[in-house]
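The residues making up each chain are set out below.
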Amino acid sequence: MADHLMTNYAPLPITFTRGEGAWLWDEQDKIHLDALSGIGVCGLGHAHPAVTEAIREQAQRLLHTSNLYHIQRQEQLAEKLCGVADMEKAFFCNSGAEAVEAAIKLARLHGHQRGIAQPSIIVMENSFHGRTLATLSATGNRKVQAGFEPLVQGFIRAPFNDIEALRVIARNDPNVVAVLLEPIQGEGGIIVPDDDYLPQVRALCDDHGWLMMLDEIQTGMCRTGAWFACQHGNTLPDVMCLAKGLGNGVPIGACLARGKAAEAFQPGNHGSTFGGNPLACSAALAVITTLEEQDLAARAAELGENIREGLKNALADCSIVREIRGAGLMIGIELHRPCTDLVTSAAVDHGLLISVQAERTIRLLPPLIISDDEAYQLINITSTVIHDFAATTD
Ligand SMILES: *Cc1c(COP(=O)(O)O)cnc(C)c1O
């Protein structure tokens, strides 16, 4: 069946035919608890009526006109998003990688405008920013880069959660114009920095005129128990990248900016044919309205605490578990040994969808709309799968 697809993916042997809330139905009509939400995309769960209705209504009226003309829905979405993110301006694209590409281009323009001919951007070890050439070059994972050299120049690598390393670069490199980082590293294994790290990065950026650019593609849209993860420590970046949860499955990305960064692009500097089209913006507007009306940031914070607590209790006697961590409904369970394929397929057998990051950290990104009972089932099945795995490998 997949004979004519390129071989860049290695999908599990399962196909879903429909979804509702936190549940997916496969071809045999078996139901699965979706604790991954399509990799952090369907925060409102599957087939959310508000999103479905917004798409239906917009599709009946107008799908696309291009950015040669004003787009009312795009202007409304920009205003809404800037409101919740405390930012000033938005650029819309179709994916996370494109949102980061826009941020990289903004940083370089900002550098050139300050008279820096060869601007460089500090990026983190163990980071993930996407699969385009510039974003894989910014990514701190050799597996993502291997075979695609020559990489895009202009990135300086620093260890994550190490403010002293950034201070050393600040003393030695006059060409730095920006720092790009995830507030919590997602693909890298749910790595949560110290509480004071982001505020310290903010202060360093202020001291040196650098742009602080946060990749909130996975952490944003209420996932971590706040609209955006940077808000936990009251840190306001200059540039913020969004995608994943923004459209609940309709492809859309955004690069938000404030201050000088918000003014850097001039007509002709950047663009996207599809970016910010009426359909995608209508879906995103419905997502934001629903997140707001149901106060899902607070709900994600509460559910996240309960689930982490529940997992800690259920796995207290399981010596294979190294740490359970995260924020809101972005949860990592790090094991002492690699577990990638075994655990994901064992979970599928139990009707649970999860992923494993960095070889040994089980990642949970359940929808923000799950009920207390579904959260309870999630704890039960996850801990069963981990207990079983511990038993087979001891
Ligand atoms: C998923 C992700 C991306 C890439 O998004 P795509 O839509 O796949 O291009 C970039 N950064 C982070 C933090 C992500 O989680």
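Values in this document were obtained by computation on a predicted structure and should not be read as measured data.

An order of β11-β12-β15-β14 is seen for the 4 strands of this open sheet, with the pairing classed as antiparallel. The strands lining the two open edges of the sheet, one partner per strand, are β11 (321-327) and β14 (355-357). For this sheet, the mean angle separating the axes of adjacent strands, direction not counted, is 25°. Pairing of β14 with strand β15 (residues 361-364) involves 3 bridges; the strand directions are antiparallel. For S355, the partnering residue across the bridge sits in β15 and is R363. Contacts from helix α11 (residues 296-314) reach β11, β12 (330-335) and β15, with the element oriented near 175° to β11.

A rise of 1.5 Å per residue sets the reference length of α11, with its 19 residues, at 27 Å; its end C-alpha atoms lie 26 Å apart and thus fit the reference within 8%. Taken together, the buried positions of α11 are occupied by L296, A297, R299, A300, L303, G304, I307, R308, G310 and L311. Relative to the axis of α11, the buried residues are bounded by an arc of 160° and lie together on one face. Along α11, exposed side chains directed more than 90 degrees from the buried face belong to E305 and N313.

Using the criterion set out here, one finds 1 cavity of 30 Å³ or more in the structure. Empty space within the largest cavity amounts to approximately 70 Å³. What lines the largest cavity is simply G40, V41, G43, L44, G220, M221, R223, G245, N248, V287, L291 and L368. Of the residues that constitute the lining of the largest cavity, the class distribution is 6 nonpolar, 5 polar and 1 charged.

Cut-offs applied
Residues numbered from 1 in each chain as written. Predicted model: local features only at pLDDT ≥ 70, side-chain atom pairs only at ≥ 80, totals over all residues. Heavy atoms only, no water. Pairing = 2+ DSSP bridges. Helix = DSSP H or I, 4+ residues; strand = E, 2+ residues; numbered from the N terminus. Axes fitted to C-alpha atoms, helices over the stretch in contact; angles between N-to-C directions. Contact = heavy atoms within 4.5 Å. Expected span 1.5 Å × (residues − 1). Buried < 20%, exposed > 50% of the residue type's maximum accessible area, 1.4 Å probe, protein only. Arc of directions from axis to C-beta. 1 Å grid on protein atoms, 1.4 Å probe; cavity = no way out; pocket = protein on both sides within 12 Å on 5 of 7 lines; lining within 4 Å. Points joined across faces, edges and corners; volume = space filled by probe spheres on them. Nonpolar A, V, L, I, M, F, W, Y, C, P; charged D, E, K, R; others polar.

Everything listed here is a matter of coordinates, which is why it stays silent on function.
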